[in-house]
Amino acid sequence: MNRRCHEVDYQILGSSMQLVEVELDPQETVIAEAGAMNYIEQDIDFEAKMGDGSEPESGFFGKLLGAGKRALTGESIFMTHFTNQGHQKRKVAFAAPYPGSILALDLAQYQGELICQKDSFLAAALGTNVTMKFNRRLGAGFFGGEGFILQSLKGDGMVFIHAGGTLIKKELRGETLRVDTGCLVGFTPEINYDIQRAGSLKSMVFGGEGLFLATLQGHGTVWLQSLPFSRMADRIISHAPSMGGKPRGEN
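Criteria and thresholds
- Residues numbered from 1 in each chain as written.
- Predicted model: local features only at pLDDT ≥ 70, side-chain atom pairs only at ≥ 80, totals over all residues.
- Heavy atoms only, no water.
- Salt bridge = Lys/Arg side-chain N within 4 Å of Asp/Glu carboxyl O.
- Helix = DSSP H or I, 4+ residues; strand = E, 2+ residues; numbered from the N terminus.
- Buried < 20%, exposed > 50% of the residue type's maximum accessible area, 1.4 Å probe, protein only.
- Pairing = 2+ DSSP bridges.
- Axes fitted to C-alpha atoms, helices over the stretch in contact; angles between N-to-C directions.

A.B. asks: Help me understand the pattern of salt bridges in this model?
C.D. replies: Side-chain pairing between opposite charges can occur once the charged atoms of the two side chains come close. Taken as a whole and judged by the stated rule, the model has 7 salt bridges. For Asp43, the salt bridge is made with Arg90, and the minimal N-O distance between the two is 3.1 Å. Separated by 47 residues along the polypeptide, Asp43 in the loop between strand 4 (37-40) and strand 5 (44-50) and Arg90 in strand 7 (residues 90-95) bring together distant segments of the chain. One salt bridge connects Glu171 with Lys169, and the closest N-O pair in it is separated by 3.8 Å. According to the relative accessible area criterion, Glu171 is partly exposed, its value standing at 36%. Residue Lys169 is classed as partly exposed on the basis of its relative accessible area, which comes to 49%. Among the charged side chains, a network of salt bridges with common partners joins Glu23, Asp25 and Lys89.

And the structure:
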């Protein structure tokens, strides 16, 4: 079988604040979200392009349609392409945006697709198709917070996604798993995904667990994070002096 994606080598460095170092052969390319790059070695050029480069024959309007979907979800319409223009192997590194873990997955081992939170995608080999995936139930989606907007990563190469805090891997064998929408990192396409109301009205108002939960059911793999960025940001803001809060330990 001919591979569509570039075959990149990589190494994950660090523990609580990880980065992934990707090694590119001459003329190999890796794509990443804007602002993810940490450092690059000589001979590696980078360029912001509209789209992920997986369908170069799609033309301007095809790229514009894909960019429009990203813009609707608050994402940048551009992705950065890093290409080794030299004659020997060179490296580029991408850093996690906040404390957590970087997960490296070969899509060829997961039926060529992974569904993930829109904020968890970090980088991928050129040829990976990165598109937005919307939940069928729009009403629940708009109220479901982070759980509504998902990304579909399709291809047969390496992708790198980020999880906040501790990364948890769950294997479902037909059972159902209910998850806080912000704690969901990604799942394989065999998993059925929906957003449902979190218990009774009393629980929704006073429980502090959010109004909706992501419900996952089927046979496949689910990845979770212990510290969603939204939860960490809320805690920081609540203790910021400018917001009327006080640092812990102060009277």
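Still more to cover.
A.B. asks: Help me understand the sheet that holds strand 7 in this model?
C.D. replies: Two strands in a sheet stick together by hydrogen bonds in their backbones, pointing the same way (parallel) or opposite ways (antiparallel). Taken together, 4 strands build an open sheet; the order of strands is 1-2-7-4 and the sheet is antiparallel. Strands with a single pairing partner mark the edges of an open sheet, and in this sheet they are strand 1 (9-13) and strand 4. Ignoring which end each strand starts from, the neighbouring axes of this sheet average 20 degrees apart. The sheet contact formed by strand 4 and strand 7 spans 3 bridges and is antiparallel. Bridge pairing in strand 7 places Ile40 opposite Val92.

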